[in-house]
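Survey of secondary and tertiary structure
Letter by letter, the chains look like this.
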Amino acid sequence: MRIAVCLKQVPDPATVEVDPLTAALDTRRMLYIAGPADTAALELALRLAGPTGQVSALCVGPPAADAVLRMALAVGATEVRRLWVPPFLSLQAPAQTALLLAAGLQRATIPDLVLCGARSSDQGSGQAPALLAEFLDWPVVCDVTQIAMEGDRVRVQRRLDRGAREELEVRLPAVLAVEANLARLRHASLPGLMRAERASVPVSHLEDLGLEPADLAFPTASVRAVTPPRPRTRPIFTPDSTRPAHERITQIITAGVTRKSGKVLEGPPAQMADAVVEFLRERGFV
Amino acid sequence: MVSIPLEERMRTVRFKVDDQPHIVVNAAVCAKCSVRACVYVCPANLFVPLDDGGILFNYEECFECGTCYIACNQEGAIQWSYPRGGYGVTFREA
Amino acid sequence: MALLSKEASLALVQQVHRLIGMKNGVAPHDAPRPRPQRNAPRPGAERFDVIVVGAGPAGSAAALVAARAGLKVLLLERGEYPGAKNVSGAAFYGSAILHDLIPNWWEQAPVERYLTRRVLAFMTAETSVAIDFRTTRFAEPPYNGFSILRPKFDRWFADQAVAAGAFLLNAAVVDEVLWEDDQVVGVRVRRDEGDLRADVVIACDGANSFLAKNAGLQREFHAHEMSLGVKEVLALDEAIIRERFHLHDNDGLAIEYIGAITEEVSGGGFLYTNRDSLSLGVIGQISSLAEHKRRPYELLETFKRHPAVAPLVRGGRVREYSAHIIPEAGWNMLPKLYTGGMLVAGDAAALCFVAGLYLEGINYAIQSGIAAGETAVAAHQERDFSARSLARYVERLRARHVITDFANYRHAPALVNSPRLQNLYPEIIAAGAEQVFRVNGGPKRKLLPIALEALRRAQVSPVHVLQDALQAGRSFGW
């Protein structure tokens, strides 16, 4: 089995510091990691591929992003490749990333399955996996919470809103975008870590991928200005002047808020349980 | 701000938390300890005394300095090692 | 005579090694703790000429020296990058030493400011008396000292070892050394298939010194031998720093504080100027912190609020908080510095010089790292990695004045941590200075009566003062 994993290097949220006056990010203090959903995808790929399978890792990013590909090599990826564009093309749109990834995948032996993180922890639009599937003309399932291989098909569970789940069966090859909490990446062995440190990470540029700068001309949202968030003006409660003094004081103290009313159930346990279930049913929780 | 509470100060430090704790505190030994040096000396305030005489300990925001096990006068109360490679505190100071 | 059991003969050999060490001027130390089980490397472990554990200043210096000599060197670091776990003030006074290793190193290294002003301040709760030393001679290459930020400096220094050919591996924590026939032959990294072989292992794993303890070269530490330093880096505008501390361009200042800032806890404070930040912190003896039930970060707050410190840090924004321990007992806690196949350097060898006037460690780390690297190179030339061969490490340390500094100042730590020196004398100096400078219409008094009255009020007998003066003389004077 041949599985490709798409990884993205993102700032570690714990190291993102915003200047309170200018809203600028302090890039000097930022450290970078592989996205948590992406590392979950990598771990799943290693498990699904098994000892005989092939796992390749792709990453669109600058030279510093070699670190995430080395990390992939250390835990057992058999092949890695970094994809990058000249500096004048600043990558903004998920479609650009997806197109580069699709080109990178088509350039090598086509895998049976592509695993991606469901969304990156920086931009987080969650579009790249779907767009990648579009460029490959493959099926895609996003927000995947479970994967089981069944021959040339894969059974997946997908997260829907309000805690609902959907089960799907997909024919391979396919793109699956998995959630961050699905798996925790293994700790690399020492020989793995040393091999990864010694490896050189191959890079593909536009011409290697058979692409032209014009191919990446997707409509993008551009940032015009960044303004720091201002605290929202808070409406100040004014008491009703027609009321007597002690009532106005009470109104000021409570700020006109009426407390949420709770309900204390009494009676035998079975009856109370029924009442709880009834309450939940009324509000559509069960 | 020059003066900030400890919690806010701890937020300036980056921790990559491992799922395996690198420090294990033996609650049975701590229950018999009256000195409780660890509570005072830890620069990250990770040892919190409990009403029942025990000690609540969190390893997640540890500086890995070693002060607690050096200060601890109870044999075997603190089992101390460094976190696994790549985990734990990362100073940046840039 | 009955045949010795294997354990007994091992113990005997170790005893002999210890004697060799002592004869070479290594401090006697308590009995090592019961020896942990000695494991041999598993077959198939990768082999290096030298493995250096810890990519701090000692480790990078050792790796650099060994790699330059053409040895196959592995430099292991447990952090995400060299410096990620390392904290110092940091004032680095080893510029000339590093200059010998990397000419004009300051032109390429991430340094903050060269230190041309040193201040020693005696503090009471309201008063401070300071000795302010300043010279433009420290502003000329190779400079006397620099303020640095360790995560940046250590990373740069490790890169120099890599450029010389050493193989740097991050995220690798070493738990034990591996043995064959009483000879250290490798290390075990806490990862699957973590065994590695080397002819020489150089332990530069920092103040906790776990490898030296594991190898039976170091004993457990006492809480009075170790201090805890807590530190903050405060962001402050470059122009404000120059203005506030009266500095030109890249001039820098280092202030060391003695007295009330750590209250009754034995210790001190420091403040160093960086390019666009200040490094400041307090250091407290661990036993003393525990005894007085003082939390280190509260002492740091007290320090920042002191009337002599507050105006210096005003407007600073906390960029990072950190903490680290410092081996303080000097001579009395030096480990046995070598055994067959293994050397110990830097903080791991307790080579940290803390004695009131002095607060130095990085320079000794680099000195010992170079000495260890050279010893490993010489051992490779002779293909002899026995304890006898590696014993020349101690001679090299002596030639670099490392051992001699620690021996000459062996009485200083006890004196510096005595309550009289910690709190009483700063109090007396400050009170005396106040008497001298206060103008209130009364008669002007001469210095001796002022000093004697201050002593009388503090209930200190002149005998004690004389004792301390002699002790100070012995520690620092002659």
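Residues numbered from 1 in each chain as written. Chains lettered and ligands numbered in written order. Predicted model: local features only at pLDDT ≥ 70, side-chain atom pairs only at ≥ 80, totals over all residues. Heavy atoms only, no water.

Focus on unusual backbone geometry
Here the amide bond leading from Leu172 of chain A into Pro173 of chain A is cis, since omega sits at 0°, within 30 degrees of zero. By the element assignment, Pro173 of chain A lies in the loop between β9 (165-171) and β10 (174-178). Look at the link from Pro141 of chain C to Pro142 of chain C: it is a cis peptide, with omega at 5°. Among the structural elements, Pro142 of chain C can be located in the loop between β5 (128-134) and β6 (146-147). Phi is positive for Glu193 of chain C, which is not a glycine, with a value near 50°. Structurally, Glu193 of chain C can be placed in the loop between β9 (183-189) and β10 (195-203). The class for Glu193 of chain C is exposed, based on a relative accessible area of 59%. (Helix = DSSP H or I, 4+ residues; strand = E, 2+ residues; numbered from the N terminus. Buried < 20%, exposed > 50% of the residue type's maximum accessible area, 1.4 Å probe, protein only.)

Structural notes on the interface of chain B and chain A
Listed as interface residues are 12 residues of chain B and, on the opposing side, 10 residues of chain A. Buried surface at the junction of chain B and chain A, summed over both partners, amounts to about 1,000 Å²; 44% is from carbon and sulfur atoms. If you sort the residues of chain B by the area they bury against chain A, Arg14, Arg92 and Ala94 of chain B come out on top, with a joint share of 57%. The closest approach of N and O atoms between Arg92 of chain B and Glu17 of chain A, which form a salt bridge, is 3.3 Å. Our count for the chain B to chain A interface comes out at six residue pairs in polar contact (both at pLDDT 80 or more). The residue makeup of the side of chain B that touches chain A, split by class, is three nonpolar, three polar and six charged. (Contact = heavy atoms within 4.5 Å. Buried area = accessible area lost by both parts, 1.4 Å probe. Salt bridge = Lys/Arg side-chain N within 4 Å of Asp/Glu carboxyl O. Polar contact = N/O pair within 3.5 Å; in protein donor to acceptor, adjacent residues only side chain to side chain. Nonpolar A, V, L, I, M, F, W, Y, C, P; charged D, E, K, R; others polar.)

What about the pairing of strand β11 (residues 226-235) of chain C?
Every regular strand shows the same layout, with side chains that alternate between the two sheet faces. Residues and elements named next belong to chain C. Of all 10 residues in β11, 10 are buried, a share of seventy percent or more. Neither face of β11 is open: one carries Met226, Leu228, Val230, Glu232 and Leu234, the other Ser227, Gly229, Lys231, Val233 and Ala235, and all of them are buried. Relative to strand β15 (residues 317-327), β11 runs antiparallel, the two being bridged by 10 bridges. Its bridge partner being in β15, Val230 is matched across the sheet by Ala323. (Pairing = 2+ DSSP bridges.)

Considerations on the sheet that holds strand β11 (residues 203-204) of chain A
All names here are of chain A. The nine strands are arranged β9-β8-β7-β10-β6-β1-β4-β5-β11 in an open sheet whose pairing can be described as mixed. Whereas interior strands pair on both sides, the edge strands pair on one side only; in this sheet they are β9 and β11. Relative to strand β4 (residues 54-60), strand β1 (residues 2-7) runs parallel, the two sharing six bridges. When the sheet's bridge partners are listed, Ile3 is paired in β4 with Val55. On top of the sheet, helix α2 (residues 66-75) reaches β1, β4 and β5 (79-83); it is set at about 170° to β5, its chief contact. Its contacts with the sheet put helix α3 (residues 94-107) on β1, β4, β5, β6 (113-117) and β11, and the angle it makes with β4 is roughly 145°. (Axes fitted to C-alpha atoms, helices over the stretch in contact; angles between N-to-C directions.)

Digging into a nonpolar patch on the surface
Side chains of Val16, Val18 and Leu25 of chain A sit close together on the surface and give an oily, nonpolar patch of about 240 Å² of accessible area. On the basis of relative accessibility, which here comes to 47%, the residue Leu25 of chain A falls in the partly exposed class. (Patch = residues over 30% accessible without salt bridge, like charges linked within 9 Å, V, L, I, M, F, W, Y side chains within 5 Å. Areas by Shrake-Rupley, 256 points an atom, 1.4 Å probe, with all protein chains shown as cover.)

Concerning the packing of helix α15 (residues 419-437) of chain C against helix α16 (residues 447-457) of chain C
All names here are of chain C. Packing of α15 against α16 brings their axes to within 9 Å, and their N-to-C directions diverge by 135°. Classified by the angle between their axes, α15 and α16 sit oblique to one another. As for how α15 packs across α16, the hand of that crossing is right-handed. Only Leu447, Ile450, Ala454, Leu455 and Arg457 of α16 make contact with α15, whose side of the interface consists of Ile428, Gly432, Gln435 and Val436. Class assignment of the residues belonging to the contact of α15 with α16 gives a composition of six nonpolar, two polar and one charged. (Parallel < 35°, antiparallel > 145°, perpendicular 65-115°, else oblique. Left-handed = near helix turned anticlockwise from the far one by under 90°.)

Quick look at the packing of aromatic side chains
A complete count under the given rule lists 30 aromatic pairs over all chains for this structure. Judged by centre distance (6.1 Å) and plane angle (45°), the ring pair of Phe153 of chain C and Phe157 of chain C falls under tilted. Pair noted here: Phe153 of chain C and Phe157 of chain C are both in helix α4 (residues 150-163), with a separation of four residues, about one helical turn. The residues Phe153 of chain C and Phe157 of chain C share a single accessibility class, namely buried. Aromatic pair Phe353 of chain C and Tyr409 of chain C: ring centres 5.1 Å apart, planes at 85°, arrangement edge-to-face. Of this pair, Phe353 of chain C sits in strand β18 (residues 353-355) while Tyr409 of chain C sits in the loop between α13 (402-408) and α14 (412-416), and the two are 56 residues apart along the sequence. Relative accessible area serves as the criterion here: at 18%, Tyr409 of chain C is assigned to the buried category. Connected via pairs of aromatic rings, a cluster forms that spans Phe92, Trp105, Trp106, Tyr114, Tyr143, Phe146, Phe153, Trp156 and Phe157 of chain C. A cation over a ring is seen here: Arg78 of chain C above Tyr82 of chain B, with NZ or CZ 3.5 Å from the ring centre. Above the face of the Tyr81 of chain C ring, Arg155 of chain C is positioned so that its terminal group lies 4.1 Å from the ring centre. (Phe/Tyr/Trp six-rings, centres within 6.5 Å; stacked < 30°, edge-to-face > 60°. Lys NZ or Arg CZ within 6 Å of the ring centre and 35° of its normal.)

Observations concerning the side chain of Arg188 of chain C
All names here are of chain C. With respect to the helices, strands and loops of the structure, Arg188 is situated in strand β9. Classification of Arg188 as buried rests on a relative accessible area of 17%. Sequence-distant contacts of Arg188, defined by excluding residues within four places in its chain, comprise Asn39, Ala40, Arg42, Val173, Val174, Asp175, Glu176, Leu178, Gly194 and Asp195.

Here we look at the environment of Pro419 of chain C
Residue and element names in this part refer to chain C. With respect to the element layout, Pro419 can be found in helix α15. What makes Pro419 exposed here is its relative accessible area of 63%. It is 26 Å that separates the C-alpha atoms of Pro419 and Asp347, two residues lying 72 residues apart in sequence.

Looking at α2 of chain A
In an α-helix there are 3.6 residues to a turn, and that puts residues three or four apart on one side. Residues and elements named next belong to chain A. With seven of 10 residues buried, α2 is to be regarded as a mostly interior element. Turning to α2, its buried residues are Asp66, Val68, Leu69, Ala72, Leu73, Ala74 and Val75. Two residues or fewer past α2, Gly76 is found with a positive phi of approximately 130°.

Remarks on the pairing of strand β2 (residues 73-76) of chain C
All names here are of chain C. Where burial is concerned, the two faces of β2 agree: the one with Val73 and Leu75 and the one with Leu74 and Leu76 are both buried. Examined bridge by bridge, strand β1 (residues 46-53) and β2 share four bridges and lie parallel to one another. Paired with Val50 across the bridge in β2 is Val73. Handedness of the crossover joining β1 and β2 through helix α2 (residues 57-68): right-handed. (Right-handed = clockwise from strand over helix to strand, strands pointing away.)

What about the interface of chain C and chain B?
Facing 55 residues of chain C, the contacting portion of chain B comprises 42 residues. Buried area between chain C and chain B, both sides added, is near 4,100 Å², and the carbon and sulfur share of it is 54%. For the chain C face of the interface with chain B, the top three residues by lost area are Arg78, Glu320 and Tyr321 of chain C, together amounting to 16%. At the junction of chain C and chain B, the tally comes to seven salt bridges.

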